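Listed below, chain by chain, are the residues.
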Amino acid sequence: MHKVGSPTFVHLLTYIHFLGLGVHPHPASDVDPPDVIKTNPCAVLECWVDPHTMPSHKALEAIGTNLQHQFEGLSLKIPYKPILDPSYEDLRRFCMNLRKQAKDETVCFYYNGHGVPKPTPSGELWCFNRTYTQYIPVSLMEVQNWLGSPGVYIWDCSGAGNLLNSFNTFAERRDQEMFTTRGGYVDGMQPYMNSLQLAASDIFTSCLTSPIDIALRYFIMTHHLPNNITPDMVMQLPGHLWAELNWIFTAITDTIAWTTFPRDVFTRLYRSDPAHCVSLPQLLLAERIMKNYHCTPHTHPALPATNTHSLWAAWDLAIDTCLRQLPDLLAKNSGAPNPPGSPTGQSDKPYQYIPSRFFTDQLTAFEVWISRGGSALTKRGPLSLPPQNNGSGFDGVDGANGTRLTPMGQAVTKPEQNLVPRKPPDQLPIVLQVLLSQPHRLRALILLSQFVDLGPWAVNLVLTIGIFPYISKLLQAAGQDLRPVLIFIWARILAVDPSVQVDLHNTQGFKYFANVLALADEQPQHALPNSSEHKAMCAFILSAVARDYYSGQMACWRERVFDNCFERLDESDFLLRQWSALCIAQIWEGNDEIQGDKLILMLSDDSPEVRAASLYALGTFMGSSGSVDPAKQGGGGTGTQYQLEERIHFRMEVAVATGATLAVKDDASPMVRKELIEWRGYLVIYRKWRSDTTAQLHEEEMTSQAVAEWLDVFGDDDSAREENRVLLSSIFTIFVVLLELTSDPYHEVATLAQTVTDYIMALLVASPFYRLECTSLDTHPLPVDYRAAPGGGAHSRVSSLQSSPLMQHPPSPVLSRPSLVRNDTTLSGVTSTLRRTTSFANALRNLAGCRAPPSPVPPSRPDSLVVSRPPSPNYNLAQYASPYSRPPTPSVVSATLVGSQPPSPTYYKAHPDYLPSHVMEALMEEDMVRLRSRRRAAAHGRRGGHGSGGLGGDLSSPSGSVFSVESNGSNVPLGCGTGNGLRDVLPLSSSFFDWCCEYFKEPQMRQAETDEPGSIQYNYQVWRQQRNEQVIAETHSQALTAGKTLDGIVQLLICKSNTNPLCMVLHAYDPHLVIANDTDMISVWDWSQRKRLNYFYNGNPKGTSITSLHIINQDVGGIIMTGSADGVVRLYRNYDSTLDQGPPQMVSSFRGLHEMINVRRGSGLIMDWKQSGGSLLVGGDSRIIRVWDAHTESQVLDLETNSENGVVKVFDRRLEEDDAIVRSYHEHHRWVQNVKYHSRIDGQFLSASLSGEVRLWDARSSDRAVQAWDPHPGGLSCFDVHPQASIFATTSALTPTNWRHQRLVVQSISEFNSSALSMLNLPTGLSVCPSRPPSAYIPRLTSLAFHPTEMLCAVGQPDGSVKITGCKFN
């Protein structure tokens, strides 16, 4: 099979049946046809045979035999059948028999019409009658009937143009008639107009059948060579010289066609059919020679002229290099005397032939193209890559605006607009030819790997040009030096064109990569450079072979790929662990008997990609599908584990699901949490009921009673009772985590969880639970919100799924739920007949730390809101899927719900004669029925035809399942199979595997744009680094003197608004000030220009506040990190609008703390970021301080605080959690407002309380303060310490007796200067004394923040104004 197109395969013919119709003057007559007029002298050779030198019958046989041998020399794989001077009947019989043998494959019909009359203008060629006394005309209509299609026709005769034109006329008529009467051709038959025709005469045959011979003769005739080289000497060329010239000729003609013909024409003529390949390269030579003598060969389809291509000069040079050595070669190797004119006096040693440097020079040119800017982009023009896909664009590059497309499908605008890949080098086809040469093979492979590394467009080019047969044969090579580059190239090919899996399996090429994966690193004889990365590529290649291809899965299993991948899960390289898990996933989908428990341990891996890959693998183990086809919703999974009894099998699945859920539910990576939601192989539903009262206690009693009644079914079997109690508890745990994820701070995770939860709730509404007397499915949910209690400022910490209505806010980088509005009463946009249940809300209420999702876009401003697209790791934008076929409206609600939900609980009878325990029993039995169905479907259906849709064959979801009925025979359906009106939106489809494959499409051999010297990004980062170093140097001297003297206080009003600036942070190097106000809006200001750069909504629920604010990664730009009182950490990038990076984007979000405590006066979420180690410490209204590692996106440890009001504690992370507290300080008597460690004072830190006292502590000394200040006896509002200078600043609290002005004090920390360096009275701008702070989590009306490097501080005032206070130093 050969590679054609981009990126598909077509099956080629196994045989090309050749029909050579040779017609010559018959021996009996030996008379030329009447319309033939010969010149004198004239050409007499036919296939290099002079018929006049032998009897006529011998000449005919010699010509036919010679012609057959010449064609066989072009391709030995193709059978040829000569038919010499046939009669009409023989011609008809042979043509029909050959078409019958060829079936749907191509037949090549070669007509040599020398010796018969010219073809007629009406489309007739000639043959003889049986006695050779008459010329019989044969219409091309008849030939078309006999040979059918597809076909290749070579007309070698005088007047060949008549045959070509007539053939097209008849073919067009046939095709039009076929499409008119039958709508087209049947499968396997092509239109006649697709046939290839070559028409010429005279030396045309010689060019087609012996191209090297005629090319050498033509060169001798047109060039003056030394040493009197004659055509007879050319015929004595050694065989290896003929092979070298033929190899060069093939490479040159392929390159001429590649650079001249359109891509689709080249693919069709040169790569899709061997019949074309036999004649087309020689056609280019014929055109060059014949046009030199004012003759033009004709073809259909018409091809561009190639006779003046520049590469013909390279061909002439190759011939000249060879022929100049011919005299010496013949003289020395034959022992004959030197020919006249040759050098004399040389030794008699055999002449050593100097091979041509053609391929070496071409590889050098290719290398220069790659190393000297081949990967750089350029403007559209002659030097750019021609548009692909019918001119609509470029592979991997948007054709409209020149923007790059990321693997997530996001358009990323580059500073260089309208730039596209450069035109590929002309030497690309030559490089493929060089792969056949042992001396040049390694160099060619390395250059080819560098080329395919440029991107998918480069891979598509080498696939189109026909790399597959070359690269496939190399897998049989034994050389170890080829392994790294072959693995690299094959990884790129499979990443771009996964359909190669079938051919890689059929050719057994996958074994090459299975053997490499199995190599042990401790074996020096099998050493592989960069072993881990290349084995990861092998794992990727094998996973691509196994994906959605049962034969590939079983072949990998037989080659022990699963076992080898299982062993690689312990490797240190995360990429190898990741792809080992993904390869296991693809093999698992088709092999149900395989087991493994190591993947559960991988859920705590340091790499989030490995954790997500482990979840993906466990998902296929549980029955989900790894198919790229969205219609294949379920795979085999654990369906045929016959070694396990059904109940044990069921418990095993629940245990795996529960363990994985608990392991990753708190993961900081949205990618991992998303994969947990998309783990759709196993769904559980936890049902609760209530009595007529709404008391939660009584409801829980009813639940306990129902569970107890259900467990009584097991009688005195204590083990069975305990087993099912644990089973139910596990199911409840999974459902609770699912509910918690519906309010995940990351939009995609929440959307997917809402899809699953709404489907479960819709099933419950349509289930028998709706008819129970104790149901709460028809009850409005409790409205829950974050707001302050009327008593003493206490605030509720209760969560719900209700979205909070917003003020008039600008757009938020957090995406709202698409096409869905969750109001107080309805479920997923369905009308009020579908209610959220009280138990649903109560389940949420009991979740520790569960928070409401980001609020949707306010409906009052739909036109002005622009929602940005989340960046990576949000690799695919999730879409909410309703469980109903279309969004119901009030007019069609009844029709939508027919058969799926009774209109009221009393629709059937007021008191149904079954109990909740009966329904529970039926539900558990329904789960077992579904499990049995999966086992049957996997055992019988998948082996015969892999990929049966659904989780268990035809039972893809509960809405189509077999459900139990009531035991008393009333045929009341008790399972969840009653949801007949629901749409099967489950299982969800994961795109994680496809996202991981994008890694092998990205360049790996060259530096990223930001690391490439001279690029705009590189220059910008170099400038930033130099600017940052300059800022540090300038501020260092100021920081040293800041604690001694202060002069030149300057105030600058930055902004003023109607909101309170509660949190502020200044960028260390850029003039950026980030402000979070009491309405949870984040604004970014350029304080030097007093210009607002951006303004967006944080997305935390109403009633909470942003309580912590940081800018991280400031050296390279910066990311805003916010912490809010709902326990969520959010990170945003692209906040600087002057850089033209697009709208703000949420990089990531996660729950920093779940254990938030409901206190009377809270502090929300407090964060501390350590840039050097990538550590984030999170505390606040919690009994713990949680440490997160930003590199691994996972929590490191929890420190128990046992918080006390006014107590400062010092923890040592190196100690055990119980012994981590090493110091406790008790000198503060009120709430500690802030604690700051100073980098320039070793082992010392400062703290300040709301009572106005500031203390300096030394962790190495006693528990008493080293130094104390009391700058504000009436109370303190804000406190901050300059990171570089030995100073701190405080602001006074606003009291009923002092609220018109606020005092700002700047104090030196030095023990030699105890007086204040500066004291300023700042007007508050208030007209009345405020009654309470704007936020229940921040007990102040103002804010204060030092600049990290410069001697500046920002002060936020109660009237909404923000001022920058700066100072100059003597």
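The coordinates are above.
Residues numbered from 1 in each chain as written. Predicted model: local features only at pLDDT ≥ 70, side-chain atom pairs only at ≥ 80, totals over all residues. Heavy atoms only, no water.

1. Concerning the nonpolar core
Nonpolar side chains in soluble globular proteins generally cluster together in the buried interior.
Argument step 1. Ranked by internal contacts, the top residues of the largest apolar core, which has 207 residues, are Trp 315, Leu 323, Phe 451, Phe 513 and Trp 579.
Argument step 2. Non-local contacts of Leu 323, meaning those with residues more than four positions away in its chain, are made with Leu 216, Phe 219, Ile 220, Leu 225, Ile 229 and Val 234.
Argument step 3. The next biggest cluster of nonpolar side chains, apart from the first, holds 30 residues, and it includes Val 116, Phe 128, Val 138 and Ala 199. (Core = buried A, V, L, I, M, F, W, Y, C linked by side-chain atoms within 4.5 Å. Buried < 20%, exposed > 50% of the residue type's maximum accessible area, 1.4 Å probe, protein only. Contact = heavy atoms within 4.5 Å.)

2. Section: unusual backbone geometry
Argument step 1. With an omega of 0 degrees, the peptide bond between Ser 149 and Pro 150 qualifies as cis.
Argument step 2. With respect to the element layout, Pro 150 can be found in the loop between helix H3 (140-147) and strand E6 (151-156).
Argument step 3. Pro 301 follows His 300 through a cis peptide bond whose omega is 5 degrees.
Argument step 4. One non-glycine residue, Gln 508, lies in positive phi territory at about 65 degrees. (Helix = DSSP H or I, 4+ residues; strand = E, 2+ residues; numbered from the N terminus.)

3. Digging into the packing of helix H18 (residues 483-496) against helix H21 (residues 531-546)
Argument step 1. Closest axis-to-axis distance for the H18/H21 pair is 9 Å, and the angle between their directions is 40 degrees. Put simply, H18 runs oblique to H21. Between H18 and H21 the crossing geometry is left-handed. In this structure, H18 uses Pro 484, Ile 487, Phe 488, Trp 490, Ala 491, Arg 492, Leu 494 and Ala 495 to contact H21, whose residues at the interface are His 534, Met 537, Cys 538, Phe 540, Ile 541 and Ala 544.
Argument step 2. Among the residues making up the contact of H18 with H21, the classes are represented as 12 nonpolar, one polar and one charged. (Axes fitted to C-alpha atoms, helices over the stretch in contact; angles between N-to-C directions. Parallel < 35°, antiparallel > 145°, perpendicular 65-115°, else oblique. Left-handed = near helix turned anticlockwise from the far one by under 90°. Nonpolar A, V, L, I, M, F, W, Y, C, P; charged D, E, K, R; others polar.)

4. A look at the packing of aromatic side chains
Argument step 1. Counted according to the given criterion, the structure contains 42 aromatic pairs.
Argument step 2. Judged by centre distance (5.7 Å) and plane angle (70 degrees), the ring pair of Tyr 88 and Trp 146 falls under edge-to-face. Here Tyr 88, found in helix H2 (residues 88-102), pairs with Trp 146, found in helix H3; they are 58 residues apart in sequence, far enough to count as distant.
Argument step 3. Looking at Trp 146, the relative accessible area reads 8%, which means it is buried.
Argument step 4. Ring pairing ties together the aromatic residues Phe 540, Trp 579, Tyr 616, Phe 992, Phe 993, Trp 995, Tyr 999 and Phe 1000, which thus form one cluster.
Argument step 5. Seen from the ring of Tyr 192, Arg 174 lies directly overhead, with NZ or CZ sitting 5.5 Å from the centre.
Argument step 6. Above the ring of Trp 258, the side-chain terminus of Arg 263 is found at 3.7 Å from the ring centroid. (Phe/Tyr/Trp six-rings, centres within 6.5 Å; stacked < 30°, edge-to-face > 60°. Lys NZ or Arg CZ within 6 Å of the ring centre and 35° of its normal.)

5. Regarding a negative patch on the surface
Argument step 1. On the surface, Glu 1200, Glu 1216, Glu 1217, Asp 1218 and Asp 1219 cluster together to form a negatively charged patch.
Argument step 2. Within the fold, Glu 1217 resides in the loop between strand E26 (1208-1211) and strand E27 (1221-1225). (Patch = residues over 30% accessible without salt bridge, like charges linked within 9 Å, V, L, I, M, F, W, Y side chains within 5 Å. Areas by Shrake-Rupley, 256 points an atom, 1.4 Å probe, with all protein chains shown as cover. Salt bridge = Lys/Arg side-chain N within 4 Å of Asp/Glu carboxyl O. Lys, Arg positive; Asp, Glu negative; His and termini not counted. Charge placed at Lys NZ, Arg CZ, Asp CG, Glu CD.)

6. Thoughts on the pairing of strand E14 (residues 1061-1066)
Argument step 1. The buried fraction of E14 is high, at six of six residues.
Argument step 2. Pairing geometry for E14 and strand E15 (residues 1072-1077), over five bridges, is antiparallel. Note that in E15 the partner of Leu 1066 across the bridge is Leu 1073.
Argument step 3. In this structure, the hairpin formed by E14 and E15 is closed by a connection of five residues. (Pairing = 2+ DSSP bridges.)

7. Looking at the pattern of salt bridges
Argument step 1. Taken as a whole, this structure holds 34 salt bridges when the rule is applied.
Argument step 2. Ionic pairing is found between Lys 1056 and Asp 1359, a salt bridge with its closest N-O pair at 3.8 Å. Note that Lys 1056 is positioned in strand E13 (residues 1047-1056) and Asp 1359 in the loop between strand E37 (1352-1356) and strand E38 (1361-1368), a separation of 303 residues in sequence.
Argument step 3. Its relative accessible area of 59% is what places Lys 1056 among the exposed residues.
Argument step 4. A salt bridge links Glu 1253 to Arg 1255; its shortest N-O distance comes to 3.7 Å.
Argument step 5. Note on Glu 1253: relative accessible area 10%, which makes it buried.
Argument step 6. Residue Arg 1255 is classed as buried on the basis of its relative accessible area, which comes to 13%.
Argument step 7. Linked by salt bridges that have partners in common, Glu 89, Asp 90, Arg 93 and Arg 130 make up one network.

Coordinates in, geometry out; function isn't part of it.
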